[in-house]
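Residue-level structural notes
Given next are the chains, with one letter for each unit.
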Amino acid sequence: METRWDFRVRPDNYTVNLFPFAKTLSKAYRDLIKNKEWKNLAIVYEENEALIRLQELLQDPLMQEKKRKVLVKQLVPGQEYRKLLKEIGRAGVQNIIVDVPTENIISFLRHDLHTIDLEEFQYGGTNISGFRLVDDSAREFEDISQVWYSGALGFGHRKTKDKTHLKTEVALMYDAVKLFAAALHELDRRGQDVYFPAISCDTEQPWLQGNIIVNYMRMITARGLTGEIKFDRYGFRSDLNLKLIELTHEGLQDAGDWSVKAGIKITGNTTKAIEEVKASLKNKTLIVTTLLNPPYIALKEGANLRGNSRYEGYCVDLIEEISKVLGFKYKFREVADHTYGKRNEWGEWNGMIRELIEGKADLAVVDLTITYEREDAVDFTMPFMNLGISILFKKPSRKIPKLFSFLSPLSLEVWVYMVTAFLGVSLFLFIVARFSPYEWTNPHPCDPHPDTLENQFTLLNTLWFTGGSLLQQGCEVTPRAVSTRVVSGIWWFFTLIMVSSYTANLAAFLTVQRMSSPIESADDLAKQTSIQYGCLRSGSTQAFFKDSNIPTFKRMWNFMESARPSVFVDSNLKGVERVKKGNYAFLMESTSIEYIVERNCELMQIGGLLDSKGYGIATPSGSPYRTLLSSAILKLQEGGILEILKQKWWKNKEKNCIKEEASLSGSASELGLDNVGGVFVVLSSGLCMACLIVVLEFTWKLRKLPSEEREPLCVEMCREMKFAIMCRGDSKPVRKESLPPSNSLSLIQFSSLGNLNSKETIS
């Protein structure tokens, strides 16, 4: 009867082993790792047989698919444990499965897990979990513990703090004897006598009833200090229950149960477990890795500043508020390579993520984006800020109004159509008026029988009528016929709509100074090549475009990747400086854009958000502090503290671009000369044209006077100008025009019919 581990796959027919089967224990380890969601772990063993005990764990599908990183290290006899642990720490592994002989485990955890004094580990923040085979709820446990404790003292062993501590080996011995006694009792109950012949160590004579007793022990079920004792058909103790125990500040406590069929079942109090972790945080100093990026983290201005007092910003205040809630201390430390964290083609991380993996830091706090790739390496709290990728671009210069900006409300095409309609309707009205008999009227109302009729719609009068209607003015020419009135009515309706539309749109064009931006969205950016665009190197924004399957973003990534010189920058500050130089758009988080735009009024945000994500506090994988940190962030969010911190660090007290924009838009309602200068040009041009025409009219009229009655042109013009300026009256004498030349004779002959109105001129 064995109470130790046996590495044989199939025992012989004469062996009964009460120690749990290696494959069963390996399943328990695997379920524990799955429950704790370990993404990486190390296996430390000393004896080669340990790999057999851990074979189920090593054959885990997640490890085969490399979704769980496993580091296997063997202890060489005589090698110092500290050196091996440092090597594991440099590999970034903080979860360790220890399988070493009991006499050597004292260097790790001070002997057998449930029998040792772990007081020195209770407040160190170490998360220690294990399985216990001994069932302290068994009926005889207290009695056996008392007897064993008294016997140990009788043999001179040192006194322990807890007399209930029983080693697993002792409990298995007790259960082996109990199982043997149960088998003998079963044989006696069935009426079979058991004979005990003399045994010689010199001969190999088998016990005839030995095989029967072994078979009985394998068939019956008993309950002992290690729980229910029963075996499978191969004689292995496979169906058993284990207690999951964890170290708290009160010592080892039961946290759950494990069985082959049900797996891990957590029975511990979750609230109490969280309180245990919170108690371990009290007065503990956490290393916080970060990098400089205002307003999240920035250096304070001032000399002789040391430690945390050197830094200020949103994340500094955030950690301070969280530390007040949880009661821990912290120490900021800048990351060595000044990067957030990106995995290369060999699977190695850099930046803050690497420091968390290697155990050099407990937290990473800055504008660190929560991504799937990073979540695979470290753990994140709930987001303390939600955001998305947007475009930072330089504001275009305000569009200077053109001299003839009053023409802007209508397009050139509409203006051409309006002029064409004006001329076409005028010509059409002229033809209709001449065709209609009702537009021909008597020029002398006193003569009821005139020989001639007049039509007021001459070509010039028709143009004057349609032009006056277009400008919403009247004239002395009015249509008389129904046909011409229909044409006029339709033209008036047309001019009403056009003038109203022009007037309404003119107000917007003259009072608003519009800025013409070459891009309005990511689609506009992707469709052009004249404006370069890029993002931060080794950041989540770069990873977003690189891994995106959206055609627009894939096209943008191909452009950024192939651009020469490179469009990627090493920091957000360099990206902003490049935007200020012009002809460059920078893709970055919307919260950072809000901060930059608040302080740089020449910059603006283009379009909306390209994605949705959040900033979180990163912790090493499996860190017990993540839940507490998330709860603290939620508490600060509900209390409005996060919004207060954002207003504190985002709003610029010295310069407010929004107010400047409002003042500019307010002053834009006052029209300047640039807005209406073209109207003055048109007015001046019209006046100049009128002056030219009046001079031509005066000259033309003067040439019709007899040469002996007129003076030179300049004298006549000065005299007429003087008369007009002096305003001496509104009447003047008639100056008769010259008669026909002297060699012409004009005779007026009266018709024999007595037609006095008909005249005929004979030259």
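Note that residues are indexed from 1 along each chain, following the sequence as it is written. A pLDDT threshold of at least 70 governs which residues receive local features in this predicted model, and a stricter bar of 80 or more applies before side-chain atom pairs are shown or counted, although totals over entire chains, interfaces and linings include all residues. No hydrogens and no water enter the side-chain calculation; it runs on all heavy atoms of the structure.

Below, the discussion takes up unusual backbone geometry. Between proline 294 and the following residue, proline 295, the backbone shows a cis peptide bond with an omega angle of 5°. Note on conventions: DSSP H or I runs of at least 4 residues are helices, E runs of at least 2 residues are strands, and numbering of each starts at the N terminus. Position of proline 295 relative to the elements: it lies in the loop between strand S10 (285-290) and strand S11 (298-299). With an omega of 5°, the peptide bond running from arginine 564 to proline 565 counts as cis. Looking at the secondary structure, you find proline 565 in the loop between helix H19 (551-562) and helix H20 (572-581). The phi dihedral of histidine 338 is positive, around 55°, even though this residue is not glycine. Structurally, histidine 338 is set in the loop between strand S13 (329-334) and helix H12 (351-357). If you check the backbone angles, asparagine 583 has positive phi at about 60° while not being a glycine.

A few words now on the side chain of glutamate 2. Mapped onto the fold, glutamate 2 is located in the segment before helix H1 (22-36). Within polar-contact distance, the side chain of glutamate 2 engages the side chain of asparagine 17 at 3.0 Å. Polar contacts, as counted here, are pairs of nitrogen or oxygen atoms within 3.5 Å of one another; within protein the pair requires one atom able to donate a hydrogen and one able to accept it, and residues that are adjacent in sequence qualify only if both atoms are side-chain atoms.

A word on the nonpolar core. By nonpolar core we mean a set of buried residues, namely Ala, Val, Leu, Ile, Met, Phe, Trp, Tyr and Cys, connected to one another through side-chain atoms within 4.5 Å. For each residue, the accessible area found with a 1.4 Å probe, counting protein chains only, is set against the maximum for its type, and the residue is called buried under 20%, exposed over 50%, and partly exposed in between. Within the largest apolar cluster, 86 residues are counted, with the highest numbers of intra-cluster contacts made by Tyr314, Ile322, Phe384 and Ile617. At seven residues, helix H11 (residues 314-326) tops the list of elements feeding residues into this core. When sequence neighbours within four positions are dropped, the list of residues in contact with isoleucine 617 reads Leu318, Ile319, Ile322, Leu363, Ala364, Val365, Asp379, Phe380, Thr381, Phe384, Leu629 and Ile633. With 26 residues, the next largest nonpolar core counts Val16, Ala28, Val214 and Ile264 among its residues. Any two residues having at least one pair of non-hydrogen atoms within 4.5 Å are treated as being in contact.

This part covers helix H9 (residues 210-219). Those residues of H9 that fall on the buried side of the exposure criterion are Gly210, Ile213, Val214, Tyr216, Met217 and Arg218. Residues of H9 that are buried make contact with helix H8 (168-189).

Per-residue confidence from the predictor is reported as pLDDT, a score between 0 and 100. On average, residues of the chain score 79 in pLDDT, and 80% of them reach the 70 mark or higher. Every residue in residues 664-669 scores below 50 in pLDDT, and together they form four contacts with partners more than four places removed in sequence or on other chains. Counting contacts from residues 742-763, a segment whose pLDDT is below 50, to residues more than four positions away or on other chains yields ten contacts.

For helices, the axis comes from a line fit to the C-alpha atoms of the stretch in contact; other axes are also lines fit to C-alpha atoms, and the angle between any two N-to-C directions lies between 0 and 180 degrees. Axis separation between H8 and H9 bottoms out at 9 Å; the angle between their running directions is 110°. Taken together, the axis directions place H8 and H9 in an arrangement best described as roughly perpendicular. On H9, the residues that touch Leu179, Phe180, Ala183, Leu184, Glu186 and Leu187 of H8 are Ile212, Ile213, Tyr216 and Met217. What sets the label is the angle itself: under 35 degrees gives roughly parallel, over 145 gives roughly antiparallel, 65 to 115 gives roughly perpendicular, and the rest give oblique.

Take the sheet that holds strand S21 (residues 584-589) next. Strand pairing is assigned whenever DSSP detects at least two bridges linking the two strands. Pairing is mixed in the open sheet, where four strands are placed in the order S20-S21-S17-S22. Taken across any chain shown, the strands that pair with only one partner, and hence form the sheet edges, are strand S20 (532-535) and strand S22 (603-606). Strand-to-strand twist in this sheet, taken as the mean axis angle between neighbours without regard to direction, amounts to 30°. Alignment of strand S17 (residues 389-394) against S22, held across four bridges, turns out to be antiparallel. Bridge pairing links isoleucine 391 to isoleucine 606 in S22. Packed on one face of the sheet, helix H18 (residues 540-547) meets S17, S20 and S21 and runs near 105° to S21. Across the sheet, H19 touches S20 and S21, and the angle it forms with S20 is around 95°.

Looking now at the environment of leucine 244. Counting through the fold element by element, leucine 244 comes out in strand S7 (residues 241-248). The spatial distance from the C-alpha of leucine 244 to the C-alpha of leucine 32 is 8.8 Å, given a sequence separation of 212 residues. If we ignore the near neighbours within four places in the chain, the residues touching leucine 244 are Leu32, Gly130, Phe131, Gln253, Asp254, Ala255, Gly256, Asp257 and Ile266.

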